[in-house]
Amino acid sequence: MRRSIVARIAVAVLMPAMLWACGNNDSTSSSSGGGATTKASSKPLVVGFAQTGAESGWRTANTQSIQETAKQRGIDLRFVDSQGQPDNQKKAISSFIAQHVDVIMFSPIVTDGWTPILNDAKDAGIPVIISDRRVSSPDDLYTCFIGSNFEEEGEKAGKWLAEKTGGKAVIAELDGTIGSAPMIDRKKGFEKVIADHPGMKVVLEQSGDFTRAKGKEVMETMLKQPEGKNITAVFSHNDDMALGAIQAIKDAGKQPGKDIIIVSIDGIKDAFNAMQKGDLNCTVECNPLLGPALFDAAEKVAKGETVPKVIYSKEGVFDQAQVTPELIASRKY
Ligand code: AHR
């Protein structure tokens, strides 16, 4: 009895230290950890993933990449769709802790409110990998972050628009989900750039929650407002909202891509098709194919190896002038 208590205390003390292997702050790509098993045995690696939901084409591609990679590597993936509700995501993480999974991953719907659940995971000795969207919690509560630099994406959109319009634009901004990292950081990056261009002003701004339907609804409302009649440009925090807005602009009798210049973020195939038609002018790439990098990290962490603290995806900017049928065919999402 006494020996088993001592053994349990030893495991409780040593496991978090073994699994909580945090790395440095470089942003190089991770390489394969080789083999989807845990350190201690040849049992398949068990990973719990709490996804945001299914709000966009980007998200569909992201989910597919995660599920397909897990399948290819023989990983036991416990996948939960949180349907846009942070509380559902917290419940999913609690249940992963109760199931004693080897690694927890999640794409936080919003940045705030994760400290208590991250502390629970840390107390249980389960490493957490943050996928796609950053959290505002202290970074010693998670193992690493893998995703995009959203602020840089906002800056790229701002620079492209400044160049395209010669620094003169009356802008409507379609925000993503309020309080989410891509909404906060893309806005920040965009604003940083237009602050240097006195001729560029955001006159209307509203959230379309990253969905096509809400992007359309918000743009319809904006176009009816006095300021909306004068807009010459749209900055949309994702492609789906831009595609909804394009429909609303057409319905209002204006020509998207000509009367109103549109720049958005993601680079989904539908955005390339819209650029080919002349409806969309530019998309800033945000790579959803995170499955390989996420499971490379999970495999390493489960073996007690160190991984970089932040791993950013490499991404480009696509202007409509670059779009060819070959480019569209080469897009993977
Ligand atoms: O977190 C990434 C963002 O979430 C994508 O830009 C958007 O399309 C998605 O829903």
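Above this text you will find the structure in question.
All values reported here derive from a predicted model rather than from experimental measurement.

What counts and what doesn't
- Residues numbered from 1 in each chain as written.
- Predicted model: local features only at pLDDT ≥ 70, side-chain atom pairs only at ≥ 80, totals over all residues.
- Heavy atoms only, no water.
- Helix = DSSP H or I, 4+ residues; strand = E, 2+ residues; numbered from the N terminus.
- Buried < 20%, exposed > 50% of the residue type's maximum accessible area, 1.4 Å probe, protein only.
- Contact = heavy atoms within 4.5 Å.
- Areas by Shrake-Rupley, 256 points an atom, 1.4 Å probe, with all protein chains shown as cover.
- Pairing = 2+ DSSP bridges.
- Axes fitted to C-alpha atoms, helices over the stretch in contact; angles between N-to-C directions.
- Phe/Tyr/Trp six-rings, centres within 6.5 Å; stacked < 30°, edge-to-face > 60°.
- Lys NZ or Arg CZ within 6 Å of the ring centre and 35° of its normal.
- Polar contact = N/O pair within 3.5 Å; in protein donor to acceptor, adjacent residues only side chain to side chain.

Draft legend 1. Expanded view of the overall build of the protein chain. Each helix and strand counted, the protein chain has 11 helices and 12 strands in total. Buried positions account for 53% of the 333 residues belonging to the protein chain. Relative to all contacts within the protein chain whose residues are 6 or more apart in sequence, the contacts with residues 24 or more apart total 76%. Accessible surface computed for the protein chain: about 14500 Å², of which carbon and sulfur atoms make up 53%.

Draft legend 2. Summary view of the environment of Phe318. Examined against the element boundaries, Phe318 turns out to sit in strand S12 (residues 317-319). Separated by 34 residues in the primary sequence, Phe318 and Val284 place their C-alpha atoms 6.1 Å from one another. Residues within four places of Phe318 in sequence aside, it is in contact with Phe272, Met275, Asn281, Cys282, Thr283, Glu285, Leu327 and Arg331.

Draft legend 3. The sheet that holds strand S7 (residues 200-207), seen in detail. Pairing is mixed across the open sheet formed by 6 strands, whose spatial order is S7-S6-S8-S9-S10-S12. Whereas interior strands pair on both sides, the edge strands pair on one side only; in this sheet they are S7 and S12. On average, each strand axis in the sheet is tilted by 20° relative to the strand beside it, whichever way the strands run. Both strand S6 (residues 169-175) and strand S8 (residues 233-236) contribute to a ladder of 4 bridges, which runs parallel. Among the inter-strand pairings, Glu173 is bridged to a residue of S8, identified as Phe235.

Draft legend 4. Seen up close, the packing of aromatic side chains. Counted according to the given criterion, the structure contains 5 aromatic pairs. A centroid spacing of 5.9 Å and a plane angle of 10° characterise the contact between Phe49 and Phe79, whose relative ring orientation is stacked. Remark: Phe79 occurs in strand S2 (residues 76-81) and Phe49 occurs in strand S1 (residues 46-51); sequence separation between them is 30 residues. Centre to centre, the rings of Phe145 and Tyr312 are 6.2 Å apart; their planes meet at 70°, and the pair counts as edge-to-face. A residue pair is termed long-range when its members are at least 10 positions apart, and Phe145 in strand S5 (residues 144-147) and Tyr312 in strand S11 (residues 310-312) qualify at 167 residues. In this structure, Lys90 is placed above the aromatic ring of Trp114, and the distance from its NZ or CZ to the ring centre is 5.2 Å. Positioned above the aromatic ring of Tyr142 is the side chain of Lys309, whose terminal nitrogen or guanidinium carbon lies 4.8 Å from the ring centre.

Draft legend 5. Region of the structure containing the side chain of Ser56. Relative to the helices and strands, Ser56 resides in the loop between S1 and helix H2 (57-72). With a relative accessible area of 8%, Ser56 lands in the buried category. Within polar-contact distance, the side chain of Ser56 engages the backbone nitrogen of Arg59 at 3.1 Å. Those residues in contact with Ser56 that lie beyond four places of it in its chain are Phe210, Asn238 and Asp240.

Draft legend 6. View of the sheet that holds S1. Strand order in this open sheet of 6 strands is S2-S1-S3-S4-S5-S11, and the pairing throughout is parallel. Two strands lie at the open edges of the sheet, namely S2 and S11, each paired on one side alone. With direction set aside, neighbouring strand axes in the sheet form an average angle of 15°. In this sheet, strand S4 (residues 128-132) lies alongside strand S3 (residues 103-106) in parallel orientation, the contact comprising 3 bridges. Bridging across to S4, Met105 finds its partner in Ile129. Here helix H10 (residues 291-302) sits on the sheet and contacts S1, S2, S3, S4 and S5; the angle it forms with S3, its principal contact strand, is near 155°.

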